[in-house]
Every structure is written in C-alpha cells, then in structure tokens.
Amino acid sequence: MKLKELKKKINWMEKSIDLAVKRYNEIRIFLNLPMDDLYSEIKTSTKPFQLDYMSKQKRQEIERKFTFKETELILPDLRSPMELLNNRIVDHGIRPTYRFLRRNTSGQQFIYNYSCSLFGMYVEGSGTSKYEAKVNTAAEMLRSIIRKQKNRTLSSHIRAFNDRELRDMSPLIKFKVNHVETLNNECVKNLYELPIYTLLSQPKNDYKLENHYSVQCNAMDLVAIGHSNKRSAAKQMAAQNILNLWEKLNSKRISS
C-alpha cells in the first residue's frame, strides 16, 4: 500500500517537473532567448565586512566638518575659530596663548574655562568640554579683533578681515547680544529709571555651583536674578530675565 502511494507521488512530481520545463521552454521561445543564457550564473554583489564603530575623535572631526562647511567654501584650510585665529597672525611662528583657568560643576556637567591672550588682548571662554571651551575662547578673541578693526586700533601684527571674509564667517562667530544695553534702551524708551544691579553672592576658592556669582536686577518694576561663573555673564543673564518678563507682560496686555 505504501509502495503504491510512493509511486503516485513520484509520478505526480515527474508530471509537475515536465509541465514546468515545458512552460519554461515556451517562455524561452517566446522571448527568443539562446539556450546558453537560460542557466547563466547569478552574481550578487556583497559589501565587504566593516565595523560600525566610530571613534569619538573621528565623530567630532566629521561634526566639525559639517559645522564649518560654509567657512570651508571660502577658506578651505580653516575649520574652526582656532585655526581662523592662527591664520590672521602676520608674524610667522607666533600663536595665541591658551590657558586652562578652572573647571566648574553645573549639575552633573563640567564647565571648563579657558583664557586666550594675543598681542596685549585678553579674553575668556567656557564650554562643556576643553575643546569647546578653547573654540569659544578663540571665537571671543576673533570678536575682539573685529571690534578693534572697526575702531581702527588693531595691531599691525594681525591681518585685518575684508568685507567678504566678515560676511562669510559671520555664522561662525556671531556676536553675543548685549542684554544690559538692550535693557537700558528699553528703560529709556518706556520712561523708567535705569536698571539697578546688586551682587548677591560671589564664588569662593572651591568653585562650587552654589558659590557662583548671583546678580539681582531691578528694572521697570520687575526683579530678576542671574547666576553664572562670571560676574559679567550673571549680570547679562539677569538683564535677559528682566527682558523676558517684560515681553511676557506686554504680550498679555496685548491679548487682553
């Protein structure tokens, strides 16, 4: 009994194969394909094995490349404010002096502070990493150079920027908004007295977050406090907070 069932299955398979071959040949004749091409080898392209791991240094290099893409179109050899600053020095072999000042703690994040000095100019900058802090410090030095260039007090050891360079690198070193000056203008415009700034606390030698500068600002019948590891930055933050409150009050008045 089993032998008969097995023979039936074999016969069915043979018929199925014959029908498939017949149908295949009909398609071959219809498409006018040569016999040699019927069973040609199928080649598949495979990608070579490679690791997905990318080092932190390589990743940062790629990020910097895309970040300063606009600057590279004009100055292909410059990729950061530090390199841009080095390129402005006329004297061969002279470079800006960067010094690590301190490391502060903001919550669970470190804030690094660096200084930069060049031909009598001195600036400071900060960032969440040492590299970012140095980049921000170099950008601050570039801002200082541009200010001196506008005031015609730039040292002859530094090559001045032309109009095209200033325009093309503006996204790289955008000038910070002076909230203190903006608040003063807003007070005068709305017939208020000028702001009063009060230093509430200042850092000690341990540089803990609670010992950072705290500056209170009283202006336009509003009070706000700014905190930072720099007194000038704390003052700017206090003025900015006043401006934000003033803007919210005005928007409520308009909506009502």
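Residues numbered from 1 in each chain as written. Predicted model: local features only at pLDDT ≥ 70, side-chain atom pairs only at ≥ 80, totals over all residues. Heavy atoms only, no water.

Student: Mind showing me how you'd approach the packing of aromatic side chains here?
Tutor: Note on aromatic pairs: each is described by the distance of the centres and the angle between the planes. Inspection of the entire model under this criterion finds three aromatic pairs. Ring geometry for Phe 100 and Tyr 112: centres 6.3 Å apart, planes at 50°, overall tilted. With Phe 100 in strand β1 (residues 97-106) and Tyr 112 in strand β2 (residues 109-118), this pair connects stretches of sequence that are twelve residues apart. Given the relative accessible area of 41%, Phe 100 is considered partly exposed. Note on Tyr 112: relative accessible area 14%, which makes it buried. Lys 134 extends its terminal NZ or CZ atom over the ring of Tyr 98, reaching a point 5.2 Å from the ring centre. (Phe/Tyr/Trp six-rings, centres within 6.5 Å; stacked < 30°, edge-to-face > 60°. Helix = DSSP H or I, 4+ residues; strand = E, 2+ residues; numbered from the N terminus. Buried < 20%, exposed > 50% of the residue type's maximum accessible area, 1.4 Å probe, protein only. Lys NZ or Arg CZ within 6 Å of the ring centre and 35° of its normal.)

Student: Explain helix α5 (residues 130-150) to me, please; I cannot follow it from the model alone.
Tutor: At 3.6 residues per turn, the α-helix brings residues three or four places apart onto the same side. Between its first and last C-alpha, α5 extends 30 Å over 21 residues, near the 30 Å set by a 1.5 Å rise per residue. Among the residues of α5, those classed as buried are Ala 133, Val 135, Thr 137, Ala 138, Ala 139, Glu 140, Met 141, Leu 142, Arg 143, Ser 144, Ile 145 and Ile 146. (Expected span 1.5 Å × (residues − 1).)

Student: What is the right way to look at unusual backbone geometry in this model?
Tutor: A negative phi angle is the norm for most residues apart from glycine, just as the trans form is the norm for most peptide bonds. Positioned with a positive phi, Arg 152 is a non-glycine residue whose angle comes to about 60°. Assignment of secondary structure puts Arg 152 in the loop between α5 and α6 (163-168).

Student: Just checking my understanding: could you explain the pattern of salt bridges for this structure?
Tutor: When the charged atoms of two side chains lie near each other, side chains of opposite charge can form a pair. Evaluated as defined, the whole model comprises two salt bridges. A salt bridge links Glu 140 to Arg 143; its shortest N-O distance comes to 2.8 Å. Of this pair, Glu 140 and Arg 143 both sit in helix α5, three residues apart, which is roughly one turn of that helix. Classification of Arg 143 as buried rests on a relative accessible area of 9%. (Salt bridge = Lys/Arg side-chain N within 4 Å of Asp/Glu carboxyl O.)

Student: Is there a simple way to explain the pairing of strand β6 (residues 222-228) in this structure?
Tutor: Across a regular strand the side chains alternate sides, sitting on one face of the sheet and then on the other. Only one face of β6 is covered, namely the one carrying Leu 222, Ala 224, Gly 226 and Ser 228; the face carrying Val 223, Ile 225 and His 227 has none of its residues buried. By the bridge criterion, seven bridges tie strand β5 (residues 213-219) to β6 in an arrangement that is antiparallel. When the sheet's bridge partners are listed, Asn 218 is paired in β6 with Val 223. Linking β5 back to β6 in an antiparallel pair, the connection comprises two residues, with Met 220 at a positive phi of about 55°. (Pairing = 2+ DSSP bridges.)

Student: I'm lost on the nonpolar core in this one. Help?
Tutor: Generally speaking, a soluble globular protein has its nonpolar side chains buried in company with each other. Counting 18 residues, the largest nonpolar core has Leu 85, Leu 118, Met 141, Ile 145, Ile 158 and Phe 161 as its most contacted members. Of all the elements in the fold, those that place two or more residues in this core are α4 (81-87), β2, β3 (121-127) and α5. Tallying contributions element by element places α5 first for this core, with six residues. Judged by nonpolar contacts, the second largest core, of 13 residues, contains Leu 183, Cys 187, Leu 222 and Ala 239. (Core = buried A, V, L, I, M, F, W, Y, C linked by side-chain atoms within 4.5 Å.)

Student: Please clarify how the sheet that holds β6 should be interpreted in this entry.
Tutor: Ordered in space as β4-β5-β6, the three strands form an open sheet in which the pairing is antiparallel. Pairing within the sheet leaves two strands with one partner each, and these edge strands are β4 (196-201) and β6. With strand direction ignored, the average angle separating the axes of adjacent strands in the sheet is 25°. (Axes fitted to C-alpha atoms, helices over the stretch in contact; angles between N-to-C directions.)

Student: What's the story with the confidence of the model for the protein chain in this structure? I'm lost.
Tutor: Close inspection of predicted coordinates is inappropriate in any region flagged by low pLDDT. Looking at the protein chain, the pLDDT average stands at 75 and 73% of residues meet or exceed 70. Mean pLDDT across the elements of the protein chain ranges from a minimum in helix α3 (residues 69-74), with 40, to a maximum in β4, with 88. Low pLDDT (under 50) marks residues 37-43, which in the prediction has three contacts with non-local residues, meaning those over four places away or in another chain. Low pLDDT, under 50, characterises residues 207-211; the stretch is placed with ten contacts to residues that sit more than four places away or in other chains. (pLDDT = per-residue confidence, 0-100. Contact = heavy atoms within 4.5 Å.)

Student: Before we go on, may I ask you to explain the state of the cysteines in this structure?
Tutor: Disulfides are covalent bonds that connect the sulfur atoms of two cysteines. Applying the stated criterion to the full structure yields zero disulfides. In this structure Cys 187 is not part of a disulfide, and its nearest cysteine sulfur, from Cys 217, lies 7.5 Å away. (Disulfide = S-S within 2.5 Å.)

Student: What am I meant to see in a nonpolar patch on the surface here?
Tutor: A cluster of nonpolar side chains, namely Leu 3, Leu 6 and Ile 10, defines an oily patch on the protein surface of about 290 Å² accessible area. Here Ile 10 lies in helix α1 (residues 2-31). Given a relative accessible area of 41%, Ile 10 falls into the partly exposed group. (Patch = residues over 30% accessible without salt bridge, like charges linked within 9 Å, V, L, I, M, F, W, Y side chains within 5 Å. Areas by Shrake-Rupley, 256 points an atom, 1.4 Å probe, with all protein chains shown as cover.)

Student: In this structure, what is going on with helix α7 (residues 179-189)? I would like to understand it.
Tutor: Along α7, the positions that sit buried rather than exposed are His 179, Val 180, Leu 183 and Cys 187. One side of α7 carries all its buried residues, which in axial view fall inside an arc of 100°. Residues of α7 that are exposed and angled more than 90 degrees away from the buried face: Val 188 and Lys 189. One or two residues past the end of α7 sits Leu 191, with phi positive at roughly 60°. (Arc of directions from axis to C-beta.)

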